[in-house]
Amino acid sequence: MDQARTTISKIFNGEPRSYTRFNLTQNMEGDNSHVEMKLSSDMDDEMEANGVGENVNQHNRPYYPSKLNQHSPKTVCGFVIAILFLFIIGYLIGYLSNRSTDKTEISSDCPVFSEIAPVRAEAVYSLDWSDLRALLKKKLTTDNINSNLKEFSSASHQAGSSGDEALANKIMGKFKTFGMNPWTDEHYVKVHEPADSKNRVLFRGNVVGTTEGYLAYSAVTTVQGAALYAHYGRAEDFRRLKELNVDVNGKVVLVRAGLLSFAEKVANAANLNASAVLIYPDPVNYEINEDTALFGHVHLGTGDPYTPGFPSFNHTQFPRAKSSGLPSIPAQTITIKQAIEIMSKLGGRASPDGWSDGMLRDTMYKLGDDSDNITVVVSNSLVEKKIHNVFGVIKGYTDADRYMVIGAQRDAWGPGFARSTVGTSLLVELARTITDMIKNDGFKPKRSIVFASWSAGEFGSVGATEWLEGYLTSLNLKTFSYISLDEVISGFDSFKATASPLLYGLLESTMKQVSSPVDATKSLHEQFAGSSWEKSVMEPMGLSHSVYPFQSFSGIPSLSFRFTSSSKSYPFGTFEDTDQNLERYTSFNTLKLAKTAGEVAGLVTLRLVHDHLLKLNVEKYTSVIRNYVSQIRSKVESRQMSGRLPSTVTMQWLLSAQGSYDRAASALVSAIRNSDLEDMEQCRIINNRIMRVEGSLLSPYVSPRESLFRHIVLGSGSHTLTALVNHLEAIKVGLESADVDQFKNQFALATWTIQGCANALAGEVWDMDNEI
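All of these numbers come straight from a predicted model, not from anything done at the bench. (Residues numbered from 1 in each chain as written. Predicted model: local features only at pLDDT ≥ 70, side-chain atom pairs only at ≥ 80, totals over all residues. Heavy atoms only, no water.)

Remarks on the overall build of the protein chain
Then, number 1: Check the secondary structure of the protein chain and you find 23 helices and 18 strands.
Then, number 2: The contacts in the protein chain between residues at least 6 apart in sequence include a share of 79% that link residues at least 24 apart. (Helix = DSSP H or I, 4+ residues; strand = E, 2+ residues; numbered from the N terminus. Contact = heavy atoms within 4.5 Å.)

A word on the nonpolar core
Then, number 1: Membership of the largest hydrophobic core comes to 117 residues, with the highest contact counts inside it found for Phe451, Tyr621 and Tyr661.
Then, number 2: The residues contacting Tyr621, other than those within four sequence positions of it, are Ser500, Pro501, Leu502, Gln551, Tyr661, Val693, Glu694, Leu697, His711, Val713 and Leu714. (Core = buried A, V, L, I, M, F, W, Y, C linked by side-chain atoms within 4.5 Å. Buried < 20%, exposed > 50% of the residue type's maximum accessible area, 1.4 Å probe, protein only.)

Re the pairing of strand β12 (residues 373-377)
Then, number 1: In terms of burial, β12 is largely enclosed, as four of its five residues are buried.
Then, number 2: In this structure, strand β7 (residues 222-229) lies alongside β12, joined through five bridges in antiparallel fashion. Looking at the pairing, Ala226 lines up with Asn373 of β12. (Pairing = 2+ DSSP bridges.)

Description of the pairing of strand β13 (residues 381-394)
Then, number 1: In this sheet, β13 lies alongside strand β3 (residues 183-193) in antiparallel orientation, the contact comprising eleven bridges. Counted as the bridge partner of Glu186 is His388 from β13.
Then, number 2: Across five bridges, the pairing between β13 and strand β15 (residues 447-454) is antiparallel. The residue of β15 that forms the bridge with Gly392 is Phe451.

Considering the pattern of salt bridges
Then, number 1: Considering all chains together, one arrives at 28 salt bridges under this definition.
Then, number 2: The salt bridge partner of Glu193 is Lys385, with a shortest N-O separation of 2.8 Å. Placement of the pair is Glu193 in strand β3 and Lys385 in strand β13, with a sequence separation of 192 residues.
Then, number 3: Owing to a relative accessible area of 23%, Glu193 belongs among the partly exposed residues under this scheme.
Then, number 4: Of the charged contacts in the structure, one is a salt bridge between Glu534 and Lys620, with a shortest N-O distance of 2.7 Å. Of this pair, Glu534 sits in helix α15 (residues 533-537) while Lys620 sits in helix α19 (residues 620-641), and the two are 86 residues apart along the sequence. (Salt bridge = Lys/Arg side-chain N within 4 Å of Asp/Glu carboxyl O.)

What about the packing of helix α4 (residues 129-139) against helix α10 (residues 417-441)?
Then, number 1: The N-to-C vectors of α4 and α10 enclose an angle of 125°; their axes lie 10 Å apart at closest approach. Here α4 is positioned oblique relative to α10, judged by the angle of their axes. Here α4 runs over α10; the crossing is right-handed. Residues Leu132, Leu135, Leu136 and Lys139 of α4 form the contact with α10, whose own contacting residues are Glu429, Arg432, Thr433, Asp436, Met437 and Asp441. (Axes fitted to C-alpha atoms, helices over the stretch in contact; angles between N-to-C directions. Parallel < 35°, antiparallel > 145°, perpendicular 65-115°, else oblique. Left-handed = near helix turned anticlockwise from the far one by under 90°.)

Quick word on the sheet that holds strand β16 (residues 479-484)
By way of backbone hydrogen bonds, the strands of a sheet pair with one another, either parallel or antiparallel.
Then, number 1: Pairing within the open sheet is mixed, and its seven strands lie in the order β3-β13-β15-β14-β16-β18-β17. Of all strands in the sheet, those with a lone pairing partner are β3 and β17 (494-499), marking the two edges. Here the strands of the sheet are splayed against their neighbours by 20° on average, with no regard to which way each runs.
Then, number 2: When strand β14 (residues 399-409) meets β15, the two strands line up parallel, connected through eight bridges. Paired with Met404 across the two strands is Ile449, which belongs to β15.
Then, number 3: Relative to the sheet, α10 contacts β13, β14 and β15, its axis offset from that of β14 by approximately 150°.
Then, number 4: Contacting β3, β13, β14 and β15, helix α11 (residues 462-470) runs over the sheet at an angle of about 70° to β13.

A closer look at the sheet that holds strand β9 (residues 276-280)
Then, number 1: In spatial order, the strands read β5-β4-β12-β7-β8-β9-β11; together these seven strands make up an open sheet with mixed pairing. Each edge of the sheet is formed by a strand with only one pairing partner; in this case those strands are β5 (206-207) and β11 (331-333).
Then, number 2: Here strand β8 (residues 252-256) runs beside β9; their pairing, made up of five bridges, is parallel. Considered in β9, the bridge of Val252 is made with Ala276.

A look at helix α9 (residues 336-343)
Then, number 1: Taking burial as the measure, the eight residues of α9 include six buried ones, the bulk of the element.
Then, number 2: Turning to α9, its buried residues number three or more, namely Ile336, Gln338, Ala339, Ile340, Ile342 and Met343.
Then, number 3: Contacts from the buried residues of α9 go to β4 (200-203), β7, β8, β9 and β12.

Some words on the environment of Arg692
Then, number 1: Tracing the sequence through the fold places Arg692 in helix α21 (residues 680-696).
Then, number 2: In this structure the C-alpha to C-alpha distance between Arg692 and Ile556, which are 136 residues apart in sequence, comes to 9.5 Å.
Then, number 3: The residues contacting Arg692, other than those within four sequence positions of it, are Ala760 and Gly763.

Some thoughts on the packing of aromatic side chains
Then, number 1: All told, the structure shown has 26 aromatic pairs when counted by the stated rule.
Then, number 2: An angle of 65° between the planes, with centres 4.8 Å apart, marks the rings of Trp413 and Phe459 as edge-to-face. One end of the pair, Trp413, is in the loop between β14 and α10; the other, Phe459, is in the loop between β15 and α11, and 46 residues separate them in sequence.
Then, number 3: Residue Phe459 is classed as buried on the basis of its relative accessible area of 1%. (Phe/Tyr/Trp six-rings, centres within 6.5 Å; stacked < 30°, edge-to-face > 60°.)

Structural notes on the environment of Thr142
Then, number 1: Among the secondary structure elements, Thr142 is positioned in helix α5 (residues 142-152).
Then, number 2: Exposure remark for Thr142: the relative accessible area of 28% places this residue in the partly exposed category.
Then, number 3: Remark: the alpha-carbon pair of Thr142 and Thr590, spanning 448 residues in sequence, is separated by 9.7 Å.
Then, number 4: Once residues lying within four places of it in the same chain are set aside, the contact partners of Thr142 are Leu591 and Lys595.

Topic: the environment of Tyr214
Then, number 1: Inspection of the secondary structure puts Tyr214 in strand β6 (residues 214-216).
Then, number 2: Judged by its relative accessible area of 2%, Tyr214 falls in the buried class.
Then, number 3: Between the C-alpha atoms of Tyr214 and Ser379, which are 165 residues apart in sequence, the distance is 9.8 Å.

Focus: the packing of α19 against helix α20 (residues 652-673)
Then, number 1: Two elements in contact, α19 and α20, have axes whose closest approach is 10 Å; the angle formed by their N-to-C orientations is 170°. When the interaxial angle is binned, α19 and α20 end up roughly antiparallel. In the packing of α19 onto α20, the handedness of the crossing is left-handed. Touching Tyr621, Thr622, Ile625, Arg626, Val629, Ile632 and Arg633 of α19 are Leu654, Leu655, Gln658, Tyr661, Asp662 and Ala665, all from α20.

A word on helix α23 (residues 740-762)
Then, number 1: Over its 23 residues, α23 runs 33 Å from end to end, which matches the ideal 33 Å to within 8%, given 1.5 Å per residue.
Then, number 2: A distance of 3.0 Å separates the backbone nitrogen of Asp741 from a side-chain oxygen at the start of α23, and that oxygen is part of Asp739. (Expected span 1.5 Å × (residues − 1). Polar contact = N/O pair within 3.5 Å; in protein donor to acceptor, adjacent residues only side chain to side chain.)

A short note on the confidence of the model for the protein chain
Then, number 1: Confidence in the prediction for the protein chain averages 85 pLDDT; 82% of positions are at 70 or higher.
Then, number 2: Confidence drops under a pLDDT of 50 for residues 1-70, and excluding neighbours within four residues, the segment shows 80 contacts in the predicted structure.
Then, number 3: Across residues 97-123, where pLDDT falls below 50, the model places 31 contacts with residues more than four positions away in sequence or in other chains. (pLDDT = per-residue confidence, 0-100.)

Re a negative patch on the surface
Then, number 1: Taken together, the side chains of Asp676, Glu678, Asp679 and Glu681 make up a negatively charged region of the molecular surface.
Then, number 2: Within the secondary structure, Glu678 is located in the loop between α20 and α21.
Then, number 3: Looking at Glu678, the relative accessible area reads 43%, which means it is partly exposed. (Patch = residues over 30% accessible without salt bridge, like charges linked within 9 Å, V, L, I, M, F, W, Y side chains within 5 Å. Areas by Shrake-Rupley, 256 points an atom, 1.4 Å probe, with all protein chains shown as cover. Lys, Arg positive; Asp, Glu negative; His and termini not counted. Charge placed at Lys NZ, Arg CZ, Asp CG, Glu CD.)

Observations regarding unusual backbone geometry
Then, number 1: Phi is positive for Arg204, which is not a glycine, with a value near 55°.
Then, number 2: Mapped onto the elements of the fold, Arg204 is located in the loop between β4 and β5.
Then, number 3: Using a relative accessible area of 43% as the deciding quantity, one classes Arg204 as partly exposed.
Then, number 4: Phi is positive for Glu487, close to 55°, though the residue is something other than glycine.

Listed below in structure tokens is the structure:
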């Protein structure tokens, strides 16, 4: 038709003066689309742009178009016939083109995800937030979760085993049925397995019971030493022993399981030159059989410790290396029965107040003496395993190259029902639910969602860390969040979470929107938050949390949460981690709790991919940084007054860096208030600034090989703000480790890391605060 109209216009020596242009504008928040009809002439616009807008020629003479009445009737008749002929041809062309288009319409049976580029932002329609919430709650069902739990339960699926691979194939199959294009990530990692000659523990020359469990990455050796009971093996426990003038040097330290990771217990003992560590589950914490073995690892880090800081791909050629987090002393778990045989016979002085509250039979919890000799034999074998991570993706419709990750550990020492089966089942159910919302309900996420099933989680988030190491340069620029589904259920009367400060606000608002599984008349927030939700719910992020490498190594804002017991520790890392025991620990509410956990993870996910702007609160870090700076300032001034710190150490630059971050965060919030949220490019610019914050808090002055967790707020090592506070404490008491020059160096580097984060948040280089 356009061709016909153009031809007709040329015949009459004129141009089409106007046509109707429809501009379909759709509200990204879910409002009904409206049609804007505008009459215009593209040709007029083009002419005016080129300065040819008036109907006069260059000589300023009137211009007269040719006149039809100057032609003969035969000529006029010919014109009319030609016009009719062209009109009919144009109509037929248009009609046939329309039929052809109808025939090539994509069938609804085609996969919802393909390799085509996402549609343009102005053509994307997304559901209202209230609609999304209702859909998630409706589609995420206990029946489906229960079906997944049965399908993914496995008696044996240790990392790299045939059982682990079978589960990986099942997950791949599920992702395919959801319309995804799944892929795998293959790594060759080194792990410890028990040797044929099993590990042994001897007390006063006699073998103590049967040692079935083991701790991967322990030093492989045989040592002897006098027994020493050290409560939980925390740093404060060893300080207590020092106050009592108890020497740890050369001792075999016995500690309870719980409160901190096995690796941290062993590291604390090794720092004081202990010869070995034995870890046992005390009945005051664990309701397990006396002969139940404990399994775990003692690498003070995550990932393959023999490829520190770089990925364990089979094609990589790196020099032989070891993580600095590998312990130099042997460590071994013992059962309750073995612990009774040793602890009930220990001599020596009574333990400090609060240390004798355990429930080992016939045990006085004495500290031990030099006659209580223990021999520890560890003969684990180091083997190479091929592991697979499995991925599926839902691609965003606006910013497909910006994505969040939801992950769950797949492997376990034994049945691992709470450790891995529940998380894997929820991962698959969330993938099914969200893809169904896209296929059948019109949901179009703005950003992408990656679903990940990790292997070798039991050895210290090995599969996840190797993936992060392999793709770090891409991930820390494009990944805006990570949610872990590991260990989401181990009880029912307590709700705990750990997260980046950027995600605190989103988690709190989500808790207010999800009903409590314990009391449906209350929200999670009402049920568990108390007078201060942060004090009641949030806990420090540590090495035992599977989100730790994402947060502190890669600088990706991360979240993990769990329903747990306030009184007893769940038997993770044992063969008693079964579906029957989980039902007992949850008072037979496992499915209710699983659905609620799925709603929490699902709503956080949907919020992060639905809204124009990322729901990450950059102002939260203002108070976090200010709190650390306040502590450091107080201690610096105190040490200077006592003469232990020179007056040349000034707080000026640290205070200035803190102020720069405050101003940058406030400026961003102001920019958001004054921005047009319908402007997708403006939203993308703002989101890019938000995404820079976490990664900019990774110290650029630390080698990942020497200190993997470079985050100065949530990481570990001498570069962190916590380390600065502790260093000042060491200077106060005059410890040998208190090196003033080292403190000054780390103080300066931390200062500039904060300033660098402020600069990144500020945006472009011309917007940066250069007051330092």
